[in-house]
Amino acid sequence: MNHMRDTNPEYHMPVLLSEAMDGLNIRASGVFVDCTFGGGGHSAEILAHLNTEGRLYGFDQDADARRNSLPDERFTFIPHNFRHIQRFLRLHGVTAVDGILADLGVSSHQFDEPARGFSTRFEANLDMRMDIRQPLTAENILNTYGEQKLQEIFSMYGEVTNAKTLAKAIVALRNKTPFRTVNGFKQTIADLVKGNPNRYFAQVFQALRIEVNDETGALREMLEQVPVLLKPGGRVAIISFHSLEDRIVKQFFKNGQFKEKDEQDPYGSSPSITPFRTITKKPVTPTEKELSRNPRARSAKLRIAEKI
């Protein structure tokens, strides 16, 4: 029974769509969660696999995404960060689900909306909030964070080669003129750029965005709730765009925790038993055909696990 709806491809083109659907192993009468609703591309495809009993809950903290909500009685839009997945599903009377999908990172719409300040291409205030209800912006970070903290962010989240030099310069420069806008910031740090300027600024902006939205914190919190929410045999599919996120997902699927398991545990304590069976030994990546249609999918990696 196909209830396929028109979605908004201008907002965001869904990445690894058929691979994610195959990985979720969708049961027609099941209950599913799309943690990152965005333009509704993945959600519409899940609905197309469901019968009249099936249900889908879509989370998105970005108010813009709500406008894409699907006019389908089997779908419920939840305007919150997926880190609160259990709490809000419970409010809708849901305590166990058959599948969970998350497509991490930023939607094309967020990049292409100049005022949001996500993109290095447009002049805008240094904002970068996915949820405008929260107070922390990129401007706050650049003007108030200490040198050590800035260095950590640029190095860990952006893999910026000269993170230490950049952090030191930002602290010195902001005392003369606080950072307010995208272009102002780019011009001020222009002399520090290493290698390709577009790539360099993209890495710096990525680091700021991940910190503003606490993206790795939200991912960890959501993953910790997955074993409780998923029914046995239920699946979780996560698409990440950053090596740090991919590592978090891989470790959690493998070990049921975020720490690497110490093979030589000196105290002989029993190793943790993971609640998952990993379906993807290696992450699934986009085909050349998909990349020609959607170059932004280039760094996407899909990992799938099944609740034991």
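Keep in mind it's a predicted model, so treat the numbers as computed, not measured.

A look at the pairing of strand E7 (residues 301-307)
Next up, step 1: Within E7, 6 of the 7 residues are buried, which leaves the element mostly enclosed by the surrounding structure.
Next up, step 2: Sheet topology places strand E6 (residues 276-278) next to E7; 3 bridges connect them, and they run antiparallel. In the strand pairing of E7, Arg277 is matched with Glu306.

Focus: the pairing of strand E5 (residues 230-240)
Next up, step 1: With 8 of 11 residues buried, E5 is to be regarded as a mostly interior element.
Next up, step 2: Sheet topology note: the strand E4 (residues 97-103)/E5 ladder contains 6 bridges and is parallel. Paired with Leu101 across the two strands is Ala237, which belongs to E5.
Next up, step 3: Judged from the 6 bridges that link them, E5 and E7 form a sheet pairing that is antiparallel. If you follow Ile238 over to E7, its bridge partner there is Arg303.

Comments concerning the side chain of His42
Next up, step 1: Along the chain, His42 falls in helix H2 (residues 41-49).
Next up, step 2: A relative accessible area of 4% places His42 in the buried class.
Next up, step 3: Of the polar contacts made by the side chain of His42, one reaches the backbone oxygen of Val15; its length is 2.9 Å.
Next up, step 4: Leave out the neighbours within four places in its chain, and His42 touches Pro14, Val15, Leu17, Met21, Asp34, Leu101, Asp103 and Ile239.

Overview of helix H7 (residues 163-176)
Next up, step 1: Helix length check: H7 (14 residues) gives 21 Å between terminal C-alpha atoms against 20 Å at 1.5 Å per residue, within 8%.
Next up, step 2: All of the buried residues in H7 are Ala163, Leu166, Ala167, Ala169, Ile170, Val171 and Arg174.
Next up, step 3: Those residues of H7 hidden inside the fold are in contact with helix H5 (138-144), helix H6 (147-158), helix H8 (182-188) and helix H9 (197-212).

Here's the deal with the packing of aromatic side chains
Next up, step 1: Tallying each qualifying case throughout the model produces 8 aromatic pairs.
Next up, step 2: Taken together, a centroid distance of 6.1 Å and an interplanar angle of 75 degrees make the contact between Tyr200 and Phe201 edge-to-face.
Next up, step 3: In this structure Tyr200 comes out as buried when scored by relative accessible area, which is 1%.
Next up, step 4: Three or more aromatic residues joined by ring pairs form one cluster here, namely Phe252, Phe253, Phe258 and Phe276.
Next up, step 5: One Lys or Arg, Lys186, reaches over the ring of Phe201 and ends 5.3 Å from the middle of that ring.
Next up, step 6: Stacked on the ring of Phe258, the Lys or Arg Arg220 has its end atom at 5.7 Å from the ring centre.

Regarding the sheet that holds E5
Next up, step 1: One open sheet accounts for 7 strands, arranged E3-E2-E1-E4-E5-E7-E6; its pairing is mixed. In this open sheet, the two strands that pair with only one neighbour each are strand E3 (75-78) and E6. In this sheet, neighbouring strand axes are inclined to one another by 20 degrees on average, regardless of whether the strands run parallel or antiparallel.
Next up, step 2: Strand contacts of helix H10 (residues 215-229): E4, E5, E6 and E7, with the helix running at about 155 degrees to E5, the strand carrying the most contacts.

Here's the deal with the packing of H10 against helix H11 (residues 243-255)
Next up, step 1: Where H10 meets H11, the axes come as close as 11 Å, and the angle between the chain directions of the two elements is 20 degrees. Considered as vectors, H10 and H11 are oriented roughly parallel to each other. The chirality of how H10 crosses H11 is right-handed. Mapping the contact onto sequence places Glu215, Thr216, Leu219, Arg220, Leu223, Glu224 and Pro227 in H10 and Leu244, Glu245, Ile248, Val249, Phe252 and Phe253 in H11.
Next up, step 2: Residue classes in the contact of H10 with H11 are distributed as 8 nonpolar, 1 polar and 4 charged.

Description of the nonpolar core
Next up, step 1: Counting residues in each nonpolar core, the largest one holds 65 residues, and the members touching the most others are Leu89, Ile100, Phe154 and Phe185.
Next up, step 2: In terms of residues, this core owes the most to one element, H9, which gives 8 residues.

Parameters and conventions
- Residues numbered from 1 in each chain as written.
- Predicted model: local features only at pLDDT ≥ 70, side-chain atom pairs only at ≥ 80, totals over all residues.
- Heavy atoms only, no water.
- Buried < 20%, exposed > 50% of the residue type's maximum accessible area, 1.4 Å probe, protein only.
- Helix = DSSP H or I, 4+ residues; strand = E, 2+ residues; numbered from the N terminus.
- Pairing = 2+ DSSP bridges.
- Polar contact = N/O pair within 3.5 Å; in protein donor to acceptor, adjacent residues only side chain to side chain.
- Contact = heavy atoms within 4.5 Å.
- Expected span 1.5 Å × (residues − 1).
- Phe/Tyr/Trp six-rings, centres within 6.5 Å; stacked < 30°, edge-to-face > 60°.
- Lys NZ or Arg CZ within 6 Å of the ring centre and 35° of its normal.
- Axes fitted to C-alpha atoms, helices over the stretch in contact; angles between N-to-C directions.
- Parallel < 35°, antiparallel > 145°, perpendicular 65-115°, else oblique.
- Left-handed = near helix turned anticlockwise from the far one by under 90°.
- Nonpolar A, V, L, I, M, F, W, Y, C, P; charged D, E, K, R; others polar.
- Core = buried A, V, L, I, M, F, W, Y, C linked by side-chain atoms within 4.5 Å.

Scope: geometric values only; no functional claims are made or implied.
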